[in-house]
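Per-entry structural report
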Amino acid sequence: MIERQLQPLLHELAGVVFAPTSALGDATGQIRPTGVQGVFHADARVLSRAELRVDERELEGLTRGDDGPHGARFVSLARWLGDPTPDPTVRVDRVRRATRNGLTEELRIVSTATVGVRATVTIDLGCDLAPIEVVKSGANADPLEAKTGQPGTLTWSAGGITVTVTAPDADVLANGERATAPRLAWPVELPPGGETVLRWQLTVEDPRAVVVGPAGEPEWSRPEVTADDRRLVRLLDRSLADLRGLRLAETGSPADVFLGAGVPWFLTLFGRDSLWAARMMLPLGTDLAAGTLRVLARRQGTRIDPTTGEAPGKILHELRRHEVALPENGLLLPPAYYGTVDATMLWVNLLHDAWRWGMPAEQIEPLLPHLEAALRWLGEHADPDGDGLVEYVDTTGHGLSNQGWKDSGDAVRFHDGSLATAPIVLAEVQGYAHEAAVNGAALLDAFGRPGADRWREHAAALVGRFRRSFWVDGRHGPQPALALDRDKRPVDSLTSNIGHLLGTGLLDRDEEAQVAHLLSTDVLAGGFGLRTMATDDAGFSPLSYHCGSIWTHDTAIVLGGLARAGHREAALGLADGLLAAAEAFDYRLPELYGGDDRSVVNRPVPYPAACRPQAWAAAGAVLLLQAATGLYPDVPGGTVQLNPLAGAELGAVAVDGFRVANTPVQVSVDRTGKATITGLPTPVTPTLPTQRHQTTQTLPH
């Protein structure tokens, strides 16, 4: 039988992160030379082994927990030491903390024994400097030889990266067979009731890294939240701690902060992921959005290059330190890769939404030429066949075959399970395009730039084309197709993609109501969130990456769209699923998880290779909180609308620390759904509600 080379599983691993550094080990704290375990820094595994033993024996793990935003504590026992009683008397706490350029560990050994304790503590190390794509593919890399220098010091070097381990009080063994498996050793002698602390540190020098950890505190506010449903508070607290660890900046531009996509595979700049995450974080301030917009604007496309997917005005997909080769998938991606159909429109929409939340004009004006370039891409390069719809195709044969957010090779499937043939015209991308055209026109008008009428006409024409091309008769009534294939046939599977159309302006009121109905059916919403594909489609599998699993960000985005459009019951159903999943995952929601029905499994099934933490999954907690309070500002228009999801079903919610026009505001919603807001920049004048418990308040210009 041929042995398959498989992507390693990571759902049971314990991680810490302080971007661009992350570490993954097993539940007891061991980092073993297998799978994806290791310490990673900017796309390289800088430590592949860190195994702790006492007297050559493994400890017995008890539990683990967080130790600050970038750390973890592992509690274990050495039951062969100390008093010969049923109660353990020698305990070892292993505290691991990620730093921007490495990692530290403390080993706290505590004895409550009535006799003295003597033991030898060792840590066996290894370093292979394997690129992240090699680890992801399941391939092995040979460990490198360590060099010794100063007492208590080990170094490894390759490819311009230097890794140093220091343990000043340890004996270092690195000769002979131990050159590739060096050992740190500490003799320990404790008196009755004694304790000691052993320490070692890993540091990385990587001058060729394309991303660095920014200095200072996070760019967003840390709101105080009280809620009847405590899961909402716990989810927000954990998510903001994780997002703190995912902050990155481009080498050479440390002031412009963005969020790296996720640990371990995608801890770098990803256009789509970083843009969506920044958009969901807008209720906490616009500084993160500003940094994300600027860093992507600097790398905006300027020329036609089929190899990289670059085109004038196009926004980057991902940035790596080197070419990424994944032979098993037929992928060969350049370091700066533009193979995304939606990031350019998402850039426009983030700029617009940040403006609505009060991003200062002096930050927006330098980005207006990039806005105009992005709109030109939409008009001149996004529609190669000239039919008025946005499409994509990989012309190289080794780029991403699918270039929407569902970018796996089998993501676009008909109801019968057959694959659609490119060029592909995705449903949600047409929504993004319509929204970008309308939003771009609003920005051009507001800042006195020409061309707004062209983009309003572009958007109006797109509405008709979409209605004629995408709506089909489905098993649950009329539905937008997932996509059109090469022959412009509707890809008739029922998927979560249609939820992204809500709020884009592409659908009329009745069409949005039908989409809300479809999103509420058991075939899509019967799990712990929103399935990516309906259970009665032939391509459905609960553990398919994009054809049946549940993605946290996808559920949050659709939930937010339903809430804002007034489809309360549908939004509450998804909120309940997301909060139940959060509880099951200790409030660190993964990138995705299984789409099993709640009646079959009473907790979400992990997707075994999901990133965790992941930026747009964690930022989904902020979007959920925004939907709960219903805060929708339009600072340039002088209005703030409150249309809360909270109330009788979700309970009361109060938030102190949302930011509107860089001003802290307080929003509260009682159990009846009545909302109030205080702290706006100037006094507001409420108007009569136009929906249930909806309040619109006017800000002076």
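Residues numbered from 1 in each chain as written. Predicted model: local features only at pLDDT ≥ 70, side-chain atom pairs only at ≥ 80, totals over all residues. Heavy atoms only, no water.

Moving on, we come to the sheet that holds strand 3 (residues 38-41). Ordered in space as 1-2-3-4, the four strands form an open sheet in which the pairing is antiparallel. Strand pairing shows two members of the sheet lacking a second neighbour, strand 1 (14-18) and strand 4 (44-47), which therefore form its edges. Going across the sheet, the axis of each strand differs from the next one's by a mean of 25°, ignoring polarity. Note that strand 2 (residues 21-25) and strand 3 share four bridges and pair antiparallel. Within the sheet, the bridge partner assigned to Leu24 lies in strand 3 and is Gly38. (Pairing = 2+ DSSP bridges. Helix = DSSP H or I, 4+ residues; strand = E, 2+ residues; numbered from the N terminus. Axes fitted to C-alpha atoms, helices over the stretch in contact; angles between N-to-C directions.)

Once that is clear, we can look at the pattern of salt bridges. All chains considered together, the criterion is met by 59 salt bridges. With a shortest N-O distance of 3.5 Å, Arg53 and Glu58 are connected by a salt bridge. Exposure remark for Arg53: the relative accessible area of 16% places this residue in the buried category. Arg73 serves as the salt-bridge partner of Asp93, at 3.0 Å between the closest nitrogen and oxygen. You can see Asp93 sitting in strand 8 (residues 90-99) and its partner Arg73 sitting in strand 7 (residues 71-77), a full 20 residues away along the chain. The buried category is assigned to Asp93, whose relative accessible area is 6%. Overall, the relative accessible area of 28% leaves Arg73 in the partly exposed class. Within the structure, one salt-bridge network assembled from shared partners comprises Asp26, Arg32, Arg49, Glu51, Arg53, Glu56, Glu58, Asp124, Arg178 and Arg183. (Salt bridge = Lys/Arg side-chain N within 4 Å of Asp/Glu carboxyl O. Buried < 20%, exposed > 50% of the residue type's maximum accessible area, 1.4 Å probe, protein only.)

By secondary structure assignment, the location of Gly657 is in strand 34 (residues 653-660). C-alpha of Gly657 to C-alpha of Gly679: the two residues are 22 residues apart in sequence and 9.7 Å apart in space. Every residue in contact with Gly657, bar those within four places of it in the chain, is listed here: Ser221, Pro223, Leu284 and Val665. (Contact = heavy atoms within 4.5 Å.)

To continue, consider the pairing of strand 32 (residues 631-634). Along any regular strand, the residues point their side chains to alternate faces of the sheet. Side chains Leu631 and Pro633 project from strand 32 onto one buried face, and the interleaved Tyr632 and Asp634 project onto a second face that is buried too. Across four bridges, strand 32 lies against strand 33 (residues 639-642) in antiparallel orientation. Opposite Tyr632, over in strand 33, you have Gln641 as the bridge partner. Linking two consecutive strands that pair antiparallel, namely strand 32 and strand 33, is a turn of four residues; a positive phi of about 80° is found at Gly638 within it.

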